[in-house]
Each structure stands twice: as C-alpha cells, then as structure tokens.
2 protein chains.
Amino acid sequence: MNPMPSDAGADAAPARRGRPRSEAVERAIIEGVLRLLEEGTSIDALSIEGVARVAGVGKATVYRRWPGGKDEMLLAVVDALEEPPAEPVGASVRDDLVTLLEWYRRVGMAKRQSAVLRTMTSHVKSHPELWQQYHDTVIKARRETLHGVLRRGIEAGELRGDLDVGLLGELFTGPMLTRTVLHEGKDLPDGLAEQIVDSVLDGVRAGG
Amino acid sequence: MNPMPSDAGADAAPARRGRPRSEAVERAIIEGVLRLLEEGTSIDALSIEGVARVAGVGKATVYRRWPGGKDEMLLAVVDALEEPPAEPVGASVRDDLVTLLEWYRRVGMAKRQSAVLRTMTSHVKSHPELWQQYHDTVIKARRETLHGVLRRGIEAGELRGDLDVGLLGELFTGPMLTRTVLHEGKDLPDGLAEQIVDSVLDGVRAGG
C-alpha cells in the first residue's frame, strides 16, 4: 500500500484549518508516524519526541504544526491516509452523488487493505475527545459537501423538496456506510455507488 | 428502564438455539448479570460463579444453559435486553418493511437509554470472537427475516427484481443503521421507519 495516496495530506489539511504550512515538513512527520506504526510501535506508545526524531525535525516543529499535540497529529495522519475528499463538479446531481459515494467506497477499500489505517481509525473511535474532533472537522465537512449537492438538487427541481436534507443524505450514504463500516466482510464492487444512487433516485418499487 | 422489555430472552432464545429451557432460571441468571453490572461490576470482572451466586443457582446450572460459558451467557443478556425481534406479518411488503425498520429504531432508542446495554454492546464489538458469534446468531437471523420479506415482494411483483437482494435490503436498513449506530447524536423520531421505507420505494427524484 502507498502510505500517502495522492496529495490528501497536503491538499486537504490547509483548507480545513486555514493556515499555511510547509508541506514537506508535514509530510516527513506523517511518514515518520507511519514508519513507527509499521515497525510495530503502538499508538499509545507513540511520542512527539519519537516522531520528531524519526522525521528529522525538532519537537517544536511538530508542535508548531499541531499545537494540540499528539491527538491533533494523529488526526492529520488519518486525514492523509484517506483518499482526498471527493469534489462534486456541479454537473447533474446524480453524477455528483455518485462522485461522493464513490469516494466513500474507495475509503472503505483503503481501510480494508491497510492495517495501519484500521488501527488508527479504531484508536480515534475509541477515544471520545479525538472522535469528537474528527467528527467536527472531517466528518462535518463531508456532510456539508453532501448537503450542498442535495440543496442544489432540490432548488434545481431534480430532487423532492419534501424530505429533510439530513434524511435525504442518509438515504444515499446509509447503504454505502453500512457496507464499508458495519459489514466489513461484504464486497465493495465497482459500480456500487451508481447502483445505490440510481436506486434511491428512482425507487425500488416494481414498474415504478 | 425495564431491564427485560417484553419476553425477548424467553421467546427469542429457544427458537434460535433449538433446545428447551427453563425460562424462569434463565431469566434469574440474566437479571443477576444485569444487577452486577448495574452495581458497578465490570464485564471483564463478571464471573459465572458470581452470577450464579446472585441468581441463586448453581454454577452447573449456568453452564447447562450456556455450555460456551461467560461469552455465550453475555450474548443471551444482550439478546434479552434488546427488543423482541420484529415479526413481519406478511401484509404488504411496505408494511412488513416498516415493521422491521421500526424494530431497528426501537433497539436504537433502547441503546441510547441504557448504559448497561451500551456497555454490553461495545464489549461484544471489541471482542472479535464474541462479535462473530453475535453476528452468526442474532444478526444473521435478522437479515434472513428481511431478505424473506424482500424475496416475497419481488415474487409478488411489488419490488424490482433486477437488484441483488442484499443491496435491496441495505437500501432500507442502511439509512436507519446510519442513524442508530453511526450518528448517535441524531434524532430517531416517530415515523422515521415509514419515511425511509416510502422514500426508498418511491425514489427521491422530483416529480417521480
């Protein structure tokens, strides 16, 4: 597995936190964390000091990037490991929804293939404060992107306007998340995003 | 909260495991486990011996009911704490799907209200063997009930026959599970099951 798929860490993080950064240094630190984890260091045993040493930077450099310390650094690593967020291009709502769901599918596949990513994710989930931070940054941003697409679809008359936007979003993401997060033994075949989006758009009633 | 809603433990367990049981003894043991947990005993510290003592039965009686020991007993407790499984009555497929989803909603609400049930569930989830057992008994049975309803709907010409039954099921359960399991901060309002079922049946395209 490539530990840094695309430019997720470099591209996504600044937009989210809104301050400039030296991408090379951030990347070195993130790769330092991954190297330690791959060599068998547990997440609990990771220290800013150890990471700084492996990355060839000073402790102060790490703290300058992530003033919140280890937890904030771990979130940046999870962020970097995940696929870069999907960017709906504003074509048809159907295509934008497929783009978003296809991104969930790719993240799901990446998690199945990467022991480190799985370990990191379950660490985040089992630490309520860290999970809250992850939710408030990463998950919230994803949901807002989705809701933006749905609102545009309602305004353009492509989607029904009588459903709550939150529920409308869950009708699309729910089936995909059920597979990627809850039923880890199940396939994530090519075309799954399209199948879900088209089925939810058109309904599953016979002869509809 | 009533620790034994309806007759879940007594009704559901024998059907699932196929051997007769003394319901009163089983109930006493399950209530013993709940009493210990409510008094602050951790799940790790629970012992068959301690449970037998509180329930007023012998250790051998506990093992006769659950030869797999503590893990099997814990699954019976989770089972008893959850709502009794929904029984689709074989009316319209739409109504049967609402019945099934309404059950997921009720279980989700019960988990939010019961610290013991939440603790038990996360214990099961964090122990792979126990989770596998839970999956092979409880979850598999639920999925088969759902798939039975869907197959009946396809045969009766009420549901499209071109979708994989697994995916078809996830279109209905996914949105509900996303709320109950993944987004614990979100509402589970009355009528949610109906809204999901009707939206997935009819689609969310405007003017559809």
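About the criteria used
- Residues numbered from 1 in each chain as written.
- Chains lettered and ligands numbered in written order.
- Predicted model: local features only at pLDDT ≥ 70, side-chain atom pairs only at ≥ 80, totals over all residues.
- Heavy atoms only, no water.
- Salt bridge = Lys/Arg side-chain N within 4 Å of Asp/Glu carboxyl O.
- Helix = DSSP H or I, 4+ residues; strand = E, 2+ residues; numbered from the N terminus.
- Phe/Tyr/Trp six-rings, centres within 6.5 Å; stacked < 30°, edge-to-face > 60°.
- Buried < 20%, exposed > 50% of the residue type's maximum accessible area, 1.4 Å probe, protein only.
- UniProt positions renumbered as here; feature names shortened; annotations may be inferred.
- Least-squares fit on C-alpha atoms with pLDDT ≥ 70 in both.
- Contact = heavy atoms within 4.5 Å.
- Buried area = accessible area lost by both parts, 1.4 Å probe.
- Polar contact = N/O pair within 3.5 Å; in protein donor to acceptor, adjacent residues only side chain to side chain.

Asker: Is there a simple way to explain the pattern of salt bridges in this structure?
Answerer: Once their charged atoms are close, side chains differing in charge can pair, the charge on each being opposite to the other. Under the counting rule described, the total for this entry stands at 20 salt bridges over all chains. Two residues, Asp202 of chain A and Arg205 of chain B, come together in a salt bridge whose shortest N-O distance is 2.8 Å. Taken together, the positions of Asp202 of chain A in helix H10 (residues 192-202) and Arg205 of chain B in the segment after helix H10 (192-202) put the pair across two chains. Salt bridges here are not isolated pairs; linked through shared partners, they connect Arg94, Asp95 and Asp198 of chain A.

Asker: Is there a simple way to explain the packing of aromatic side chains in this structure?
Answerer: The geometry of an aromatic ring pair comes down to the distance between the two centres and the angle between the two planes. Residue and element names in this part refer to chain B. Applying the stated rule across the entire model yields four aromatic pairs over all chains. Here the aromatic rings of Trp103 and Tyr104 are separated by 5.3 Å at their centres, their planes lie at 75°, and the arrangement is edge-to-face. For Trp103, a relative accessible area of 5% puts it in the buried group.

Asker: Got a minute to help me understand the UniProt feature "DNA-binding region" (unreviewed entry) in chain A in this structure?
Answerer: Per the UniProt entry, the sites bearing "DNA-binding region" (unreviewed entry) are residues 47-66 of chain A in this numbering. With 75% helix and 0% strand, residues 47-66 of chain A has its two end C-alpha atoms placed 13 Å apart.

Asker: Before we go on, may I ask you to explain the relation of the copies chain A and chain B in this structure?
Answerer: The second copy of the chain is related to the first by a rotation about an axis and a shift along the axis. Mapping chain A onto chain B is achieved by rotating through 180° and translating by 0.0 Å along the same axis, at an RMSD of 0.1 Å. Both copies of the chain, as the preceding transformation shows, are related through a two-fold rotation axis. Considering only C-alpha atoms, the residue of chain A closest to the rotation axis is Gly203 of chain A, which sits at 1.8 Å. When you check the interface residues of chain A against chain B, 100% turn up at the interface there too, and the contact is symmetric in its surfaces.

Asker: I keep staring at the interface of chain A and chain B and nothing clicks. Help me out?
Answerer: Across the boundary between the two partners, chain A contributes 33 residues, which contact 33 residues of chain B. A buried area of about 3200 Å², summed over both sides, lies between chain A and chain B, and 57% of it is on carbon and sulfur atoms. On the chain A side of the contact with chain B, Glu170, Val204 and Arg205 of chain A bury the most area, a combined 22% of that side's loss. At the surface where chain A touches chain B, the tally comes to six salt bridges. Taken together, the connections running from chain A to chain B amount to 18 residue pairs in polar contact (both at pLDDT 80 or more).

Asker: Is there a simple way to think about the environment of Ile29 of chain A in this case?
Answerer: Residues and elements named next belong to chain A. Here Ile29 shows up in helix H2 (residues 23-38). For the pair formed by Ile29 and Ile48, sequence separation is 19 residues and the distance between their alpha carbons is 9.6 Å. Sequence-distant contacts of Ile29, defined by excluding residues within four places in its chain, comprise Val51, Ala55, Val57, Val62, Arg65, Trp66 and Met73.

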